[in-house]
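Take a look at the letters that make up each chain.
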Amino acid sequence: VQDPGDAVRTGRAALVDPWVIAMGLAFLAAGVGVACNRERKSRLQRVRLRKIYSLGEEILGAATPADSLDRLNGVLPQQFGVSRVRLYFYSRGTKSLEEVVGEGPAASVVIDAPAGFVQRAVACCFRNKMLLSIPDSRHSPFRKEEDSREPAPPRGMLFLPLLAQGDLVGYLVLDNAVTGRPMPKTIQDLLFTISAQIAGAIDRA
């Protein structure tokens, strides 16, 4: 080039690389998404806590264990994704666990001679006074060969002891018929609060 007039400008150079701008926007969008998701979870947690505390007050005012079961079925499946709520209370006279039902005959679980997967599991929990989480019933030691002639048990189950002033008065059992994932610890802690209120209601009945 012998003269400036011989040079022809074909484009203006960008002050910032477009890839840098794109990456910055992507990180900004990701940050906004994380913040929104965290806020949504926090809001859902607050709603869940309000419903659980309200449920606890309703259970304390329930007249019978059947009333408590109705209130549990009205809240827990929606809030925790369980497919069924079972409630058992211990009968000292018959030394068995009596299942609470709204209508129809109630199942009686003989502690020393349980029959079927669910009865074996809840009887074992009662004898050992323990919480039990079964993520996948297909691989549980409570499953026996003779159970193949009966309807398949729920995929996952959670057994929560009902303790009234230190005495074991029954069990709250939650079924999960779809997934085999264990319930998170935070949810189990909330359910422990409910189980204590159920135990108090059963103990007064």
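Before reading on, note that the structure itself is shown above.
Description of the structure in this document. Since this is a predicted model, take the numbers as computed values, not measurements. (Residues numbered from 1 in each chain as written. Predicted model: local features only at pLDDT ≥ 70, side-chain atom pairs only at ≥ 80, totals over all residues. Heavy atoms only, no water.)

1. Considering the nonpolar core
Quick reminder of the rule: Definition of nonpolar core: a set of buried residues of the types Ala, Val, Leu, Ile, Met, Phe, Trp, Tyr and Cys, connected through side-chain atoms within 4.5 Å. Using a 1.4 Å probe on the protein chains alone, a residue whose accessible area is under 20% of its type maximum counts as buried, one over 50% counts as exposed, and one in between counts as partly exposed. By the criteria applied, helices consist of DSSP H or I runs no shorter than four residues and strands consist of E runs no shorter than two, each listed in order from the N terminus. Contacts between residues were defined by any pair of non-hydrogen atoms, one from each residue, lying within 4.5 Å.
Membership of the largest hydrophobic core comes to 28 residues, with the highest contact counts inside it found for Leu72, Leu76, Phe80, Leu172, Leu174, Leu191 and Ile198. Looking at this core, the elements with two or more residues in it are helix H1 (18-60), helix H2 (65-80), strand E1 (84-91), strand E5 (156-164), strand E6 (167-176) and helix H4 (185-204). Residue contributions to this core peak at 8 residues, all from H4. Beyond its immediate sequence surroundings of up to four residues, Phe80 is in contact with Arg48, Ile52, Met183, Ile187, Leu190 and Leu191. Core analysis: the second largest hydrophobic core is formed by 20 residues, Tyr88, Leu97, Val109 and Ala123 among them.

2. Considerations on the sheet that holds strand E4 (residues 132-134)
Strands belonging to one sheet form pairs held by backbone hydrogen bonds; the direction of such a pair is parallel or antiparallel. For clarity, the cut-off: Being paired, for any two strands, means DSSP has found at least two bridges between them. Note on geometry: axes are lines fitted to C-alpha atoms, helical ones only across the stretch in contact, with angles between N-to-C directions running from 0 to 180 degrees.
One open sheet holds the 6 strands; their spatial order is E3-E2-E1-E6-E5-E4, and the pairing between them is antiparallel. Lying at the two open borders of the sheet, with one neighbouring strand each, are strand E3 (108-110) and E4. The sheet shows a mean angle of 20° between the axes of neighbouring strands, direction not considered. Contacts from H2 reach E1 and E6, with the element oriented near 155° to E1. Sitting on the sheet, helix H3 (residues 117-128) is in contact with E1, strand E2 (96-99), E3, E4, E5 and E6, with an inclination near 35° to E5.

3. Notes on unusual backbone geometry
With the exception of glycine, most residues fall at negative phi, and the peptide bonds are largely trans. One non-glycine residue, Lys129, adopts positive backbone phi at about 50°. Along the chain, Lys129 falls in the loop between H3 and E4. Residue classification places Lys129 among the exposed positions, given a relative accessible area of 60%. One non-glycine residue with positive phi stands out, namely Gln165, at about 55°. Its place among the elements puts Gln165 in the loop between E5 and E6.

4. Digging into the pattern of salt bridges
Note the cut-off: Any carboxyl oxygen of Asp or Glu within 4 Å of a side-chain nitrogen of Lys or Arg constitutes a salt bridge here.
Taken as a whole and judged by the stated rule, the model has 4 salt bridges. With a shortest N-O distance of 3.3 Å, Arg84 and Glu99 are connected by a salt bridge. Linking Arg84 in strand E1 with Glu99 in strand E2, this pair joins segments that are 15 residues apart in sequence. Glu99 sits in the buried class, given a relative accessible area of 10%.

5. Considering the pairing of E2
Of the two faces of E2, the one lined by Ser96 and Glu98 and the one lined by Leu97 and Glu99 are each fully buried. Note: E1 against E2, 4 bridges, orientation antiparallel. Note on E2: the bridge partner recorded for Tyr90 is Leu97. Once E1 ends, the chain turns through 4 residues before running back antiparallel as E2, passing Lys95 with a positive phi of about 50°. Pairing of E2 with E3 involves 3 bridges; the strand directions are antiparallel. The residue of E3 that forms the bridge with Ser96 is Val110.

6. Thoughts on a nonpolar patch on the surface
Condition: Think of a patch as exposed residues, more than 30% relative accessible area, with no salt bridge, where like charges cluster within 9 Å and nonpolar side chains (Val, Leu, Ile, Met, Phe, Trp, Tyr) cluster within 5 Å. Here the accessible surface of atoms and residues is derived via Shrake-Rupley with a 1.4 Å probe, and residues count as covered only by protein chains that are part of the display.
Among the surface-exposed residues, Ile21, Leu25, Leu28 and Val32 lie close enough to one another that they form a single nonpolar patch of about 380 Å² accessible area. By the secondary structure assignment, Leu28 is in helix H1.

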